[in-house]
Amino acid sequence: MRWHVINKYLLNSIKDDACAIENVDDSLLNDEEFILTAIQANAEVLYYLGKSYQSNKKYALTAVNGDGWSLEYVSEQLRNDEQVVLTAVMQVGSALRFASENLRNNKKIVLAAINNSLKSLEFASEQLRNDEDVVLSAVMKDRYALKYFSQNIRDNEKIVLAAITQSVESLEFASERLRSDKRFLRNAIECNIRVLKYVGKDIRAHYIVPEQYRINRLSFELGGSEVAVKFHDNKIYIYDKVKHCERFLEEIYKNKKAVDHIILNYYSADTTDIPF
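Worth saying up front: this structure is predicted, and the values here are computed from it rather than measured.

Colleague: Which residues make up the overall build of the chain, and what are the values?
Modeller: When helices and strands are counted, the chain shows 17 helices and three strands. Residues classed as buried in the chain amount to 46% of the 276 residues present. For the chain, contacts bridging at least 24 residues in sequence account for 48% of all contacts bridging at least 6. Summed over its atoms, the accessible surface of the chain is roughly 15,200 Å², and 43% of this surface lies on carbon and sulfur atoms.

Following this line, the structure appears as structure tokens:
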């Protein structure tokens, strides 16, 4: 009689507690179908099965596909197997901690781990924690990622601008040198107009809608509550109705920095639907 006809109770026991595998009859321990089913029920059984099972790639793949953390239970040899480790980190990014030193320096695996969980970064090799592709992948995924990297990375203009494009909060984690560099800050404003809130008046003056040309009652706010300025493709977009449009344009053109065109988009004065 096949094992699965009579052992539903046994599999339920294994699902609840992996150590129940230790009470299994030897005939079942030699049955590959049963072992695979048991691992699918509870990947932790691999820990109790012993080295010969932990060195079996088919069993290992089944385990890590169900629970990435079970990479801890596979043999040292399989923790250096790209397919096994990649499968694990795609399930649980931080399972990277159990990968071999060699694979913690494998960019494909580290990128997959980061895509699952930013926390996996701490287990990547030092070389990859300073790799531009890895860092860019991280900052595109999480707006606070920049704070986990070295001072050298936080001083990299390309990386910091990519982070700021995702979230203005990233400016907080940029190096002191970049945060005091006016050229960089102007570039940051073009990536994310909200940077205006965090720069000095000398820079802000070039971009804020002049107070006399704001039309709404909340004109003390940056750009007004309905007047908004946005940079895209080297153009300035002005949202809302503007009084004295000709004088306003003259003011903008006089102060603009390397901006090809100004595009006006008129919204009603009471709108709150600013498109950024």
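Colleague: Please provide a residue-by-residue account of the confidence of the model for the chain, values included.
Modeller: Mean pLDDT over the chain: 77, with 71% of residues reaching 70 or higher. Highest mean pLDDT in the chain belongs to helix α8 (residues 82-91) (97); lowest belongs to strand β3 (residues 261-265) (42). Predicted confidence for residues 209-245 stays below pLDDT 50, and this span has 107 contacts to residues more than four positions away or in other chains.

Colleague: Can you explain the pattern of salt bridges? Please cite residues and give values.
Modeller: As enumerated under the stated definition, the model contains nine salt bridges in all. Ionic pairing is found between D131 and K107, a salt bridge with its closest N-O pair at 3.3 Å. Here the residue D131 occupies a position in the loop between α10 (126-129) and α11 (132-141), and K107 occupies one in helix α9 (residues 107-116), the gap between them amounting to 24 residues. We classify D131 as buried; its relative accessible area is 18%. Judged by its relative accessible area of 30%, K107 falls in the partly exposed class.

Colleague: Explain helix α13 (residues 157-166) to me, using residue names and the numbers behind them.
Modeller: Buried within α13 we find I159, V160, L161, A162, A163 and I164. On its buried face, α13 sits against α11, α12 (151-154), α14 (176-179) and α15 (182-191). Two or three places before K158, at the start of α13, stands the capping residue N156, its side-chain oxygen 3.1 Å from that residue's backbone nitrogen.

Colleague: Talk me through the packing of aromatic side chains; I want residue IDs and the actual numbers.
Modeller: Two aromatic rings, taken as a pair, are described by how far apart their centres are and by the angle between their planes. Applying the stated criterion across every chain yields a total of five aromatic pairs. Ring centres of Y53 and Y59 lie 6.0 Å apart, and the angle between their planes is 20°; on these two criteria the pair is classed as stacked. Owing to a relative accessible area of 14%, Y53 belongs among the buried residues under this scheme.

About the thresholds
- Residues numbered from 1 in each chain as written.
- Predicted model: local features only at pLDDT ≥ 70, side-chain atom pairs only at ≥ 80, totals over all residues.
- Heavy atoms only, no water.
- Helix = DSSP H or I, 4+ residues; strand = E, 2+ residues; numbered from the N terminus.
- Buried < 20%, exposed > 50% of the residue type's maximum accessible area, 1.4 Å probe, protein only.
- Contact = heavy atoms within 4.5 Å.
- Areas by Shrake-Rupley, 256 points an atom, 1.4 Å probe, with all protein chains shown as cover.
- pLDDT = per-residue confidence, 0-100.
- Salt bridge = Lys/Arg side-chain N within 4 Å of Asp/Glu carboxyl O.
- Polar contact = N/O pair within 3.5 Å; in protein donor to acceptor, adjacent residues only side chain to side chain.
- Phe/Tyr/Trp six-rings, centres within 6.5 Å; stacked < 30°, edge-to-face > 60°.

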